[in-house]
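# Residue-level structure breakdown
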Amino acid sequence: MIDFTFTEEQEMFRKAAREFAETEVAKYVPEMEETSKVPEGLLKALGEAEMLAITIPELYGGLELGYTARLIALEEIARVSVATAMMLQVFALGIEPIVKFGTDEQKQKYLPGLASGKLLATAAVTEATGGSDPSGIRTSYRKEGDDYIVNGRKCFITNAHIASTLTILAKNEENPKEFCAFIVEQGMQGFKATHEEHKVGFRGCNTGELAFENLRIPKENLLGQEGKGMRVTMSAIGDVGRGGMVGCALGLQTACLEASIKFANERILYGKPIAKLPAIQDKIAEMKIDLEAGRLLGYRAASLQDSGTGASNEFAVAKYFTTEAAMKAAKIAVDVHGGYGCMEEYAVTRYYRDAAVLGPSAGTSAIMKVIVARWTLA
Ligand SMILES: Cc1cc2nc3c(=O)[nH]c(=O)nc-3n(C[C@H](O)[C@H](O)[C@H](O)COP(=O)(O)OP(=O)(O)OC[C@H]3O[C@@H](n4cnc5c(N)ncnc54)[C@H](O)[C@@H]3O)c2cc1C
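Quick caveat, the model's predicted, so the values are computed rather than measured. (Residues numbered from 1 in each chain as written. Predicted model: local features only at pLDDT ≥ 70, side-chain atom pairs only at ≥ 80, totals over all residues. Heavy atoms only, no water.)

## Points about the overall build of the protein
On a plain count of helices and strands, the protein comes out with 11 helices and 10 strands. In summary, the protein has a C-alpha radius of gyration of 21 Å against a globular reference of 21 Å for 378 residues, a match within 12%. If you line up the protein on its principal axes, its C-alpha atoms span 80 × 50 × 40 Å. The buried share among the 378 residues of the protein stands at 53%. Long-range contacts, defined here as pairs at least 24 residues apart, represent 74% of the contacts in the protein between residues at least 6 apart. Summing over all exposed atoms, the protein offers an accessible surface of approximately 17,200 Å²; the carbon and sulfur share of this is 54%. On the protein, the mean spot of the 42 positive side-chain charges and the mean spot of the 49 negative ones are 4 Å from each other. (Helix = DSSP H or I, 4+ residues; strand = E, 2+ residues; numbered from the N terminus. Rg over C-alpha atoms; globule rule 2.2 N^0.38 Å. Buried < 20%, exposed > 50% of the residue type's maximum accessible area, 1.4 Å probe, protein only. Contact = heavy atoms within 4.5 Å. Areas by Shrake-Rupley, 256 points an atom, 1.4 Å probe, with all protein chains shown as cover. Lys, Arg positive; Asp, Glu negative; His and termini not counted. Charge placed at Lys NZ, Arg CZ, Asp CG, Glu CD.)

Now the structure itself:
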């Protein structure tokens, strides 16, 4: 028998995450939409609720609840604010390489602060010359005594301006086949967060560019083996990055469905709620089917990851399906609302904009298909 039920502990965690999202996160949404800035109070609330500690081992101050719990938290938070869920998902993306590849000294130095929210993380891989093709990055390192000197620029980095602890990927200046992953601290000389992006959605979730100008990184901050940094960053993106986007997408699908049900029950046409119209029922059913299928894919992948087998391929399937389904759900939700779906006082307009941003983060749908095809044909 396959058991598809959540444990009692997971159900309790979902309830707590939902309550946190509806009371603590929801109140910041209007401000985030208006200013596109990350509210200080929201970061404090995420830290106090231990939302950053979920995947960190207990030994280093974390909750060690695993990836299914993380997916539950992200789904519940994204249902209220995808921008907040995205922020949180990338904190974990920056934390994961330290958990998986860090030395004990690195773990002791960074993880307790990252678990409490005193330190905030990100992972910086993408550059103008390398998004889908990370080997195309130009940020380079060279050795100088015991230190590494790094030069280059990163773009589209979530949490760029708020992160204090960054996992970055750089290429050997002399051998373009060798990469190193480093932990960079915000105050290091030669490090700067520069341009801030203005995105169509995820407003209030910071995205921007980073510049490294003769950034001196001590050897103690090398993550994993020298020359093997691609594995360090890509394994985090494969499991935690893709998995996180699944949580964002599932939450958004749920929000679209709930808003559509509410509107369809309240909007009266021909003397009865539009929920009685077969065409509207068809749209609601489409959304529900996609949500049910997406949740099965996502939680199966998270559960595999919790069992220690790794689930980057299963997450590629789930990421493809749920982000595409979230875009479809947002379009349907706007349609169900008729003309009201174009008016900003209706949350579906935000869902529509947020859905557009889900696609590229942690790899586009086309790249997910490349991964799934490689897995299937192997
Ligand atoms: C909101 C947001 C947050 C992000 N946060 C981060 C972050 O925190 N850290 C980070 O490092 N990066 C981050 N990214 C970057 C993200 O990972 C890249 O945008 C993504 O990998 C795509 O790269 P690109 O934008 O350079 O597009 P490109 O790689 O230039 O792709 C352009 C087009 O070509 C297609 N394409 C490329 N290769 C193939 C192929 N082999 N087969 C078929 N089609 C292909 C793509 O699907 C796409 O349609 C973020 C992006 C966004 C939008």
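## Some points on the layout of surface pockets
By volume, the largest pocket amounts to about 1,000 Å³. Lining the largest pocket are 39 residues, with Thr126, Pro360, Ser361, Ala362 and Gly363 sitting closest to its centre. Broken down by element, the lining of the largest pocket gets its largest block of residues, 8 residues, from helix α7 (residues 229–266). When the residues that make up the lining of the largest pocket are grouped by side-chain class, the tally is 21 nonpolar, 12 polar and 6 charged. Roughly 520 Å³ of volume is contained in the second largest pocket. Along its surface, the second largest pocket is lined by 16 residues, and Asp3, Phe4, Tyr299, Arg300 and Ser303 are the ones closest to its centre. Broken down by element, the residue count for the lining of the second largest pocket peaks at 8 residues, all from helix α8 (residues 278–306). Here the lining of the second largest pocket is composed, by residue class, of 6 nonpolar, 5 polar and 5 charged. (1 Å grid on protein atoms, 1.4 Å probe; cavity = no way out; pocket = protein on both sides within 12 Å on 5 of 7 lines; lining within 4 Å. Points joined across faces, edges and corners; volume = space filled by probe spheres on them. Nonpolar A, V, L, I, M, F, W, Y, C, P; charged D, E, K, R; others polar.)

## Quick look at the domain arrangement of the protein
The assigned domain composition of the protein is domain 1 (8–120), domain 2 (122–227) and domain 3 (231–377). Taken together, the contact pairs 13 residues of domain 2 with 12 residues of domain 3. Taken together, both faces of the contact between domain 2 and domain 3 bury some 970 Å²; the carbon and sulfur share is 78%. On the domain 2 side of the contact with domain 3, Ser132, Val200 and Phe202 bury the most area, a combined 47% of that side's loss. Linking domain 2 with domain 3 are 0 salt bridges, by the criterion used here. Connecting domain 2 to domain 3 are 2 residue pairs in polar contact (both at pLDDT 80 or more). Each residue belonging to the side of domain 2 that touches domain 3 can be placed in one class, and the counts come to 7 nonpolar, 4 polar and 2 charged. (Domains from an automatic or database assignment. Buried area = accessible area lost by both parts, 1.4 Å probe. Salt bridge = Lys/Arg side-chain N within 4 Å of Asp/Glu carboxyl O. Polar contact = N/O pair within 3.5 Å; in protein donor to acceptor, adjacent residues only side chain to side chain.)

## A short note on helix α6 (residues 104–116)
Taking 1.5 Å as the rise per residue, α6 with 13 residues should run 18 Å; its terminal C-alpha atoms sit 18 Å apart, in good agreement. A bend of about 35° at tyrosine 110 is the largest found in α6, and the proline proline 112 appears one to four places after it. Inspection of α6 places Gln106, Lys107, Tyr110, Leu111, Gly113, Leu114 and Ala115 among the buried residues, and these make up the whole buried set. The positive-phi residue at the C-terminal boundary of α6 is glycine 117, with phi of around 95°. (Expected span 1.5 Å × (residues − 1). Bend = angle between axes of the 7 residues up to and from the residue.)

## Some remarks on the packing of aromatic side chains
Geometry of an aromatic ring pair is reported as the spacing of the ring centres plus the angle between the planes. Taken as a whole and assessed by the stated rule, the structure comprises 8 aromatic pairs. Seen in terms of ring centroids, tyrosine 141 and tyrosine 148 are 5.9 Å apart; in terms of plane orientation they differ by 75°. Their pairing is edge-to-face. Of the residues examined, tyrosine 148 reaches a relative accessible area of 2% and is grouped as buried. Both rings, one in tyrosine 141 and one in phenylalanine 182, keep their centres 5.8 Å apart while their planes meet at 80°; by these two values the pair is edge-to-face. With tyrosine 141 in strand β2 (residues 140–144) and phenylalanine 182 in strand β5 (residues 179–185), the pair connects residues that are 41 residues apart, well separated along the chain. Judged on exposure class, the residue tyrosine 141 and its partner phenylalanine 182 are both buried. The structure contains a cluster of three or more aromatic residues connected by ring pairs, namely Tyr141, Tyr148 and Phe182. Between arginine 14 and the ring centre of phenylalanine 6, over which it is positioned, the NZ or CZ distance is 5.1 Å. (Phe/Tyr/Trp six-rings, centres within 6.5 Å; stacked < 30°, edge-to-face > 60°. Lys NZ or Arg CZ within 6 Å of the ring centre and 35° of its normal.)

## Some points on the site of the ligand
Contacts to the ligand come from 21 residues, most closely from Val125, Thr126, Ser132, Thr158 and Thr364. One of the backbone N or O atoms of alanine 123 is found 2.9 Å from a nitrogen atom in the ligand. At 2.8 Å, a backbone N or O of valine 125 approaches an oxygen atom of the ligand. In isolation the ligand has 980 Å² of accessible area, and contact with the protein removes 63% of it. (Near = heavy atom within 4 Å.)

## What about empty space enclosed by the protein?
All told, the structure shown has 3 cavities of 30 Å³ or more when counted by the stated rule. Taken as a whole, the largest cavity holds about 90 Å³ of empty space. In terms of lining residues, the largest cavity is bounded by Met51, Leu52, Ile54, Thr55, Arg70, Ala73, Leu74, Leu88, Phe91, Ala92 and Ile95. Secondary structure elements with two or more residues in the lining of the largest cavity: α4 (67–80) and α5 (82–101). Here the element with the most residues in the lining of the largest cavity is α5; it accounts for 4 residues. The residue makeup of the lining of the largest cavity, split by class, is 9 nonpolar, 1 polar and 1 charged. Along its surface, the second largest cavity is lined by Tyr67, Arg70, Leu71, Leu74, Asp239, Val240, Gly243, Gly244, Ala302, Gln305 and Phe315. For the lining of the second largest cavity, the secondary structure elements donating two or more residues are α4, α7 and α8. Residue composition of the lining of the second largest cavity, grouped by class: 6 nonpolar, 3 polar and 2 charged.

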